[in-house]
Amino acid sequence: MKKLNIVDNSGKLFYIGGVVRDELLGRASFDVDIVYEGNAIEHCSGFGKVVRVNPDFGTVRVKIGAEEIDFASTRSETYPRPGHLPVVDKIGCPLKDDVFRRDFTLNALAKSVMTAEIIDYTGGLEDLKAGVLRVLHDRSFIDDPTRIIRALKFSVRFGFKLEEHTRKLQEEYLQNINYDMCYKRIKKELMETFNLNSQEAFERFYDEGIYKLVSPRGIVRPAVNVSEIVNIVGVRNPWIVYVGVLDLSILELTKIEQRILKDFMELRGQKFENDFDIYKAFSSVAPETVAMYGVWVDKAPVSRYVATLKDIKISITGEDLLALGIKPSKQYAEIFDAVLREKLQHPDMTRDDEIRFLLTL
Ligand code: ATP
């Protein structure tokens, strides 16, 4: 855990949430969340140079030495519109109330900055030991359905199980989804979950009906190993490969993501007759689209493309054709294709072989 370079004897400063969980699990944590039980803006601004203040949430960013650290006031929240962002109820509430706005017991642990004591109001320590994800109250998924995807993410990341009652609450919610929800957060959680490239996440997402949060249309999970296909194609952030077959129109997709899906829709009806068809189709689209074809349509041409065809390139260029007295025209593309078709069958062809071949055309 990051050591704070401050002197504070208030006993009201706590590490909270993921950072405490990760330390207890012996894992690295990326961001450190710190709360002050009371008004953090008043109490923490003196720790260094104030960089930013947000009075609506009672947060303050302070530069201490070379580092910028965020301090939050404890706050309680309510969900007047289930599925949307909560509203702040009280800033500077008791730590206990701040803890109860959180998602799972293992994310509701606090650790005193002063004494290093762990404060556990919800049974998080026991659940952490037992490898269990448990919500803090029965309305948890109704208030915030993104927690269903967060549960999948954490359970895959840590190898944890959903506690029985929590699983029932998930099932109940998935049978009665309120689609009026904040999809920006759903997208963020989908990305974080499926960028783990986990086959287990894939199977559970479809088998448990979690996919219905995005699109109610029924879907049958193909019996393929997505994680393996993602690896052989070499997709770095594969989330869209896992979920791109759903109707994602409700998520705000970037131009690149839209292109991946559009190319996939165009490709999905295609059957390939030969290596040339495979090469032409896959070499002009993103790796995500190639992997999607492998997962949702047919793995065989993708394996063939990756293992044998992908790195084959013709050596001749327009300059070679010009030197041979062929004037630039549409014919160039036809010649390049003819040479490529030949080279895919004879990958050892040298540049001279290619020229000899094109002269026979
Ligand atoms: P990660 O390691 O994936 O970043 P994290 O637990 O640190 O996991 P954050 O999304 O950074 O996750 O959230 C920090 C803390 O805020 C969580 O540990 C949890 O206590 C709380 N939190 C985050 N998202 C929610 C949510 N949707 N509902 C309730 N509490 C949440």
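Residues numbered from 1 in each chain as written. Predicted model: local features only at pLDDT ≥ 70, side-chain atom pairs only at ≥ 80, totals over all residues. Heavy atoms only, no water.

### Some points on helix α14 (residues 287-296)
Put simply, the rule reads: For each residue, the accessible area found with a 1.4 Å probe, counting protein chains only, is set against the maximum for its type, and the residue is called buried under 20%, exposed over 50%, and partly exposed in between. For helices the rule is a DSSP run of H or I covering at least 4 residues; for strands it is a run of E covering at least 2, with both sets numbered from the N terminus onward. Should any heavy atoms of two residues lie within 4.5 Å, those residues are considered in contact.
Where burial is concerned, most of α14 is hidden: 9 out of the 10 residues are buried. Along α14, the residues that are buried comprise Glu-288, Thr-289, Val-290, Ala-291, Met-292, Tyr-293, Gly-294, Val-295 and Trp-296. Tucked inside the fold, the buried residues of α14 contact α9 (199-207), α10 (226-233), α11 (239-243), α12 (255-268), α13 (275-283) and α15 (299-309).

### What about helix α7 (residues 164-174)?
Which entries qualify depends on this criterion: In this description, the arc belongs to the directions extending from the helix axis to the C-beta atoms. Polar contact is defined as a pair of N or O atoms within 3.5 Å, subject to the rule that within protein one atom must be able to donate a hydrogen and the other to accept it, and that residues adjacent in sequence are counted only when both atoms are side-chain atoms.
Among the residues of α7, those classed as buried are Thr-166, Leu-169, Gln-170, Tyr-173 and Leu-174. Mapping the buried residues of α7 onto a view down its axis gives an arc of 130°, with all of them on the same face. Looking at the buried side of α7, the elements it contacts are β10 (132-133), α5 (140-143), α6 (146-158) and β11 (161-162). At the N-terminal boundary of α7, the capping side chain belongs to Glu-163, with an oxygen 2.9 Å from the backbone nitrogen of His-165.

### Looking at the pattern of salt bridges
The line we're drawing: When a carboxyl oxygen of Asp or Glu lies within 4 Å of a side-chain nitrogen of Lys or Arg, that pair is called a salt bridge.
For the structure shown, the criterion picks out 32 salt bridges. Ionic pairing is found between Asp-22 and Arg-21, a salt bridge with its closest N-O pair at 2.9 Å. Just as Asp-22 is buried, Arg-21 falls in that class too. The partner of Arg-101 in a salt bridge is Asp-98, with the nearest N and O atoms 3.3 Å apart. Overall, Arg-101 belongs to the buried group, its relative accessible area being 17%. Residues joined in a network through salt bridges with shared partners are Asp-103, Arg-150, Lys-153, Lys-188, Glu-189 and Glu-192.

### A look at the packing of aromatic side chains
The test is simple: Here is the rule: rings of Phe, Tyr and Trp (six-membered ring for Trp) pair when centre to centre is within 6.5 Å. Planes less than 30 degrees apart are stacked, more than 60 are edge-to-face, and the remainder are tilted. Charge-over-ring placement is defined geometrically: NZ (Lys) or CZ (Arg) within 6 Å of the ring centre, and within 35 degrees of the ring normal.
Under the counting rule described, the total for this entry stands at 18 aromatic pairs. Between Phe-202 and Tyr-206, the ring centres sit 5.3 Å apart and the planes meet at 70°, which makes this aromatic pair edge-to-face. With Phe-202 and Tyr-206 both in helix α9, this residue pair falls 4 residues apart, about one helical turn. The exposure class of Phe-202 is buried, given its relative accessible area of 0%. With relative accessibility at 4%, the residue Tyr-206 sits in the buried group. Ring geometry for Tyr-206 against Trp-296: centres 5.6 Å apart, planes inclined by 70°, an arrangement best described as edge-to-face. Note that Tyr-206 is positioned in helix α9 and Trp-296 in helix α14, a separation of 90 residues in sequence. In this pair, the class of Tyr-206 matches that of Trp-296, namely buried. Pairwise contacts between aromatic rings join Phe-194, Phe-202, Phe-205, Tyr-206, Tyr-211, Tyr-242 and Trp-296 into one cluster. Sitting over the ring of Phe-276, Arg-341 keeps its end group 3.9 Å from the ring centre.

### Quick notes on the site of the ligand
Here is the rule we go by: Here a residue is considered near a molecule or strand provided that any single heavy atom belonging to it is located within 4 Å of it. We get accessible surface area from the Shrake-Rupley algorithm with a probe of 1.4 Å; when it comes to residues, only the shown protein chains can shield them. Residue type decides the class: Asp, Glu, Lys and Arg count as charged, Ala, Val, Leu, Ile, Met, Phe, Trp, Tyr, Cys and Pro as nonpolar, and the leftover types, Gly among them, as polar.
Lining the immediate surroundings of the ligand are 18 residues, of which Arg-21, Asn-107, Asp-144, Arg-147 and Arg-157 lie closest. Contact distances for the ligand include 3.0 Å between an oxygen atom and a side-chain N or O atom of Arg-102. One of the side-chain N or O atoms of Arg-150 is found 3.2 Å from an oxygen atom in the ligand. In isolation the ligand has 590 Å² of accessible area, and contact with the protein removes 80% of it. Secondary-structure elements contributing two or more residues to the shell around the ligand are α1 (18-25), α6 and α8 (183-194). It is α6 that contributes the most residues to the shell around the ligand, 6 residues altogether. Its residues assigned to classes, the shell around the ligand shows 1 nonpolar, 4 polar and 13 charged.

### Quick word on the packing of α13 against α15
Stated formally: Here an axis means a line fitted to C-alpha atoms, over the contact stretch when the element is a helix, while the angle between two N-to-C directions is reported on a 0 to 180 degree scale. Between 65 and 115 degrees an angle is taken as roughly perpendicular, under 35 as roughly parallel, over 145 as roughly antiparallel, and anywhere else as oblique.
The interhelical angle for the contact between α13 and α15, taken along N-to-C directions, is 90°, at an axis separation of 10 Å. On the basis of the axis angle, α13 is roughly perpendicular to α15. Contacts from Asp-275, Ile-278, Tyr-279, Phe-282 and Ser-283 in α13 reach Pro-301, Val-302, Arg-304, Tyr-305 and Leu-309 in α15. Tallied by class, the residues present in the contact of α13 with α15 amount to 7 nonpolar, 1 polar and 2 charged.

### Examining the sheet that holds strand β2 (residues 34-36)
Strands in a sheet are paired, the pairing made by backbone hydrogen bonds, and the direction either parallel or antiparallel. So the rule is basically this: Should DSSP find at least two bridges between two strands, the strands are regarded as paired.
Read from one edge of the open sheet, 7 strands run β3-β4-β5-β2-β1-β8-β9, paired in mixed fashion. Edge strands, defined here as strands with exactly one partner in the open sheet, are β3 (49-54) and β9 (118-120). In this sheet, neighbouring strand axes are inclined to one another by 30° on average, regardless of whether the strands run parallel or antiparallel.

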